[in-house]
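Chain by chain, the residues:
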Amino acid sequence: MSSFWDALAGSFGLVIALDPDLMEIIGLSMRVTLTAVFLACLIGLPLGAAAGTFRFPGRTLLSVVLNALMGLPPVVVGLFVYLLLSASGPLGPLRLLYTPTAMIIAQMVIVTPIVAALTRQVVEDFNSEYAEQFASMGVGPLDRLMSLLWDGRYSLLTVALAGFGRAVAEVGAVIIVGGNINHVTRVMTTTIALETSKGNLQLAMALGIVLLTIAFVVNACVMGLRATAVRSAYA
Amino acid sequence: MRDFAFDMATGPSVGRQRDEQQPLLEACNIGFTARGEQLLHNVDIAIRQGSRTLIVGPNGAGKSLLLRLLHGLLQPSDGKVLWQGNALNAKAQRAQAMVFQRPVLLRRSVFANMKFALSVRGLRGQKRSDKILSALASAGLSHLSNRPARVLSGGEQQRLAVVRALACDPELLFLDEPTANLDPASTAAIEELVRDASARGVTIVLVTHDVGQARRLGEDLVFLQDGHVAESGPAQKILTEPQSEPARAWREGRIYLGPNTQSLCDFPGSKL
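Cut-offs applied
- Residues numbered from 1 in each chain as written.
- Chains lettered and ligands numbered in written order.
- Predicted model: local features only at pLDDT ≥ 70, side-chain atom pairs only at ≥ 80, totals over all residues.
- Heavy atoms only, no water.
- Helix = DSSP H or I, 4+ residues; strand = E, 2+ residues; numbered from the N terminus.
- Buried < 20%, exposed > 50% of the residue type's maximum accessible area, 1.4 Å probe, protein only.
- Contact = heavy atoms within 4.5 Å.
- Areas by Shrake-Rupley, 256 points an atom, 1.4 Å probe, with all protein chains shown as cover.
- Buried area = accessible area lost by both parts, 1.4 Å probe.
- Salt bridge = Lys/Arg side-chain N within 4 Å of Asp/Glu carboxyl O.
- Polar contact = N/O pair within 3.5 Å; in protein donor to acceptor, adjacent residues only side chain to side chain.
- Nonpolar A, V, L, I, M, F, W, Y, C, P; charged D, E, K, R; others polar.
- Pairing = 2+ DSSP bridges.
- Phe/Tyr/Trp six-rings, centres within 6.5 Å; stacked < 30°, edge-to-face > 60°.
- Lys NZ or Arg CZ within 6 Å of the ring centre and 35° of its normal.
- Axes fitted to C-alpha atoms, helices over the stretch in contact; angles between N-to-C directions.
- Left-handed = near helix turned anticlockwise from the far one by under 90°.
- Expected span 1.5 Å × (residues − 1).
- Arc of directions from axis to C-beta.

Okay, the overall build of chain A next. Along chain A, the regular secondary structure elements total ten helices and zero strands. Along chain A, helices (α) and strands (β) appear in the sequence α-α-α-α-α-α-α-α-α-α when read from the amino end. In terms of overall dimensions, chain A has a C-alpha envelope of 70 × 50 × 25 Å along the principal axes. Taking all 235 residues of chain A together, 46% fall into the buried category.

Encoded structure:
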């Protein structure tokens, strides 16, 4: 039991001292996750909005596929991206395997369906309210899409947050394509897994504390923003 | 058969430009069927340019449905809608505007709502801002310009919806029960906006089931009952001497139950 408290005390010590190794891992984690979520939003928001707004052949199928892909097993994604980026794979010449870029790609593949499927639901709800007014005004397809995304911005922040939560907690896919190489591709989750197996609980717990704190702060910020928006009738 | 009541001139209003020859909008024997049920039957009416036409009738008569068909939001199952003698197309639809019973306002400020509507019509820059400010002033909403549109009162929201529609300079304005659930002061404000627009030459087609409003605003009137045009013609004539039993029942505030039914007791099996 005392080893638990020792580890906890030591982990706080690392966080308070801003341990350089710890900071490097946190920095890389944030860079990889935020880039992956940004790219996933860049693809998922318009894709989901289009699926929630327009009627086209295969729309229902697209919705079913997006919903199904929300539950993609990360290790399968990791394997798929590994095969794509490996020396014999179609993207092998780019030499991206075991780089942060490979981890960004893997996380993006996992998060994009989540963003797209949740966006489709949000936008569909907004569209059912606005559709007749937009049709009456003669709003064009692009304006309609952009307006729905803009008016749903606070709900879509929650969608992005869901994507962030999934990406920042990801282990399986990033360890396969990143390799958990020290000072190169070592992120918080993979370090926690490695250090725990090595018995270095101080660093593992320190990273766990940081991970929880980040999740808490981001959630609190988004919820606060959304509550303000609801009070102002913007959400 | 065409309801010719609309060809009877009710006398031109001051400042109104009328074209008595060519109806602005025509419904040529339109019908509408949904899920195997015919909701509208052979509606054949013509809307004169510059007129104020009221579509009235009890709940479920098909008033809002007819309005949507006339505006092109729905396609008729039978017949066709003509705009100045031609098929209703996107260009014709842009010459019209519609205000819904429950105002549909974007989750933005009052000013931004106006800005969006005018941007869609291609207006930009100072000209757009000037137009927004003058439109808001005309509805007494200038002081609310920066407020989120959805925190306004029901009456203010509906006034905003009406001025937003009018700011787009429509030739024809459809209003679907715009004063339902509003207090008398808000109702009067909306009616004032409608009368002003009408005086500027905007053709008005308004759905209501308020007899008082029909008296105050009506020039022409179409009475719908169960998806059929029961009666149509000059509003004052129908309101004073209705020829059909449904219109008479509506004017007297009675429920019309059918051709041989005087009260709920007449229904077979009724225990009243």
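Here we take up the overall build of chain B. Along the backbone of chain B there are nine helices and ten strands. In chain B, 67% of the contacts between residues at least 6 apart in sequence involve partners at least 24 apart. Carbon together with sulfur atoms contributes 49% to the accessible area of chain B, which is approximately 12300 Å² in total.

A few words on helix H1 (residues 63-71) of chain B. Burial runs high along H1(B): eight of the nine residues are buried. Listing the buried residues of H1(B) in full gives B:Lys63, B:Leu65, B:Leu66, B:Leu67, B:Arg68, B:Leu69, B:Leu70 and B:His71.

On the side of chain A, 20 residues touch chain B, which itself brings 24 residues to the contact. Contact with chain A buries area across many residues of chain B, yet B:Arg107, B:Arg108 and B:Phe116 alone supply 35% of it, more than any other trio. B:Arg107 serves as the salt-bridge partner of A:Glu129, at 3.1 Å between the closest nitrogen and oxygen. Put simply, chain B and chain A have ten residue pairs in polar contact (both at pLDDT 80 or more) between them. Secondary-structure elements contributing two or more residues to the side of chain B that touches chain A are H1, helix H2 (90-94), strand E6 (96-99) and helix H3 (110-120) of chain B. For the side of chain B that touches chain A, the per-class residue count stands at twelve nonpolar, five polar and seven charged.

With that settled, the discussion passes to the environment of A:Pro113. All names here are of chain A. By the secondary structure assignment, Pro113 is in helix H5 (residues 100-137). Residues Pro113 and Leu42 lie 71 residues apart in sequence; the distance between their C-alpha atoms is 12 Å. Setting aside anything within four residues of it in sequence, one finds Pro113 in contact with Leu66, Leu69, Met70 and Leu72.

Our next topic: the pairing of strand E4 (residues 78-83) of chain B. All names here are of chain B. Where strand E1 (residues 25-34) meets E4, five bridges bridge the pair, whose relative direction is antiparallel. Residue pairing in the sheet places Ala27 in a bridge with Val81 of E4. Note: E4 against strand E5 (residues 86-87), two bridges, orientation antiparallel. Among the inter-strand pairings, Trp83 is bridged to a residue of E5, identified as Asn86. The turn linking E4 back onto E5 is made up of two residues, and Gln84 within it adopts a positive phi angle of 50°.

On to the packing of aromatic side chains, then. Each aromatic ring pair is summarised here by two numbers: the centre-to-centre distance and the angle between the ring planes. Taken as a whole, this structure holds four aromatic pairs over all chains when the rule is applied. Ring centres of A:Phe134 and B:Phe116 lie 5.6 Å apart, and the angle between their planes is 40°; this geometry places the pair in the tilted category. Taken together, the residues span two chains, with A:Phe134 in helix H5 and B:Phe116 in helix H3. By the ring-pair criterion, three or more aromatic residues cluster together here, those being A:Phe126, A:Tyr130, A:Phe134 and B:Phe116. Over the face of the ring belonging to A:Trp150 we find A:Arg153, whose NZ or CZ atom lies 4.2 Å from the ring centre.

With that settled, consider the side chain of B:Arg52. Along the polypeptide, B:Arg52 turns up in strand E3 (residues 52-56). From its side chain, B:Arg52 meets the backbone oxygen of B:Leu217 in a polar contact 2.7 Å long.

The next thing to look at is the pattern of salt bridges. Tallied over the entire structure, the rule returns 15 salt bridges over all chains. Note that B:Arg68 is salt-bridged to A:Glu132, the shortest N-O span being 2.6 Å. Residue B:Arg68 is found in helix H1, and its partner A:Glu132 is found in helix H5; the two belong to separate chains. Take B:Arg68: its relative accessible area is 14%, and that puts it in the buried class.

A word on the side chain of A:Ser147. Counting through the fold element by element, A:Ser147 comes out in helix H6 (residues 141-151). Classification of A:Ser147 by relative accessible area gives buried; the value is 5%. If we ignore the near neighbours within four places in the chain, the residues touching A:Ser147 are A:Phe134, B:Arg108 and B:Phe116.

Residue and element names in this part refer to chain A. At a closest axis distance of 5 Å, the pairing of helix H2 (residues 20-53) and H5 adopts a crossing angle of 35°. Between H2 and H5 the crossing geometry is right-handed. In terms of residue class, the contact of H2 with H5 is made up of 19 nonpolar, ten polar and three charged.

What follows deals with helix H6 (residues 184-199) of chain B. Residues and elements named next belong to chain B. Between its terminal C-alpha atoms H6 stretches 22 Å, which fits the 22 Å expected from 16 residues at 1.5 Å a residue. Taken as a whole, H6 has its buried residues at Ser186, Thr187, Ile190, Glu191, Leu193, Val194, Ala197 and Ser198. What you see down the axis of H6 is that its buried residues fit within an arc of 155°, all on one side. Opposite its buried face, H6 presents the exposed residues Pro184 and Ala185, each directed more than 90 degrees away. Residues of H6 that are buried sit in contact with E3, helix H4 (125-138), helix H5 (154-167), strand E7 (172-176), strand E8 (203-208) and helix H7 (211-217). Capping the start of H6 is the job of one residue whose side-chain oxygen sits 3.2 Å from the backbone nitrogen of Ala185: Asp183. Gly201 sits one or two residues past H6 and shows a positive phi near 105°.

Residues and elements named next belong to chain B. Across the sheet, six strands lie side by side as E6-E7-E8-E3-E9-E10; this open sheet has mixed pairing. Every other strand in the sheet has two partners, leaving E6 and strand E10 (228-234) as the edge strands with one partner each. Here the average twist between neighbouring strands, direction ignored, is 15°. Two elements, E6 and E7, share four bridges in a ladder whose sense is parallel. Paired with Gln96 across the strands is Leu172, a residue of E7.

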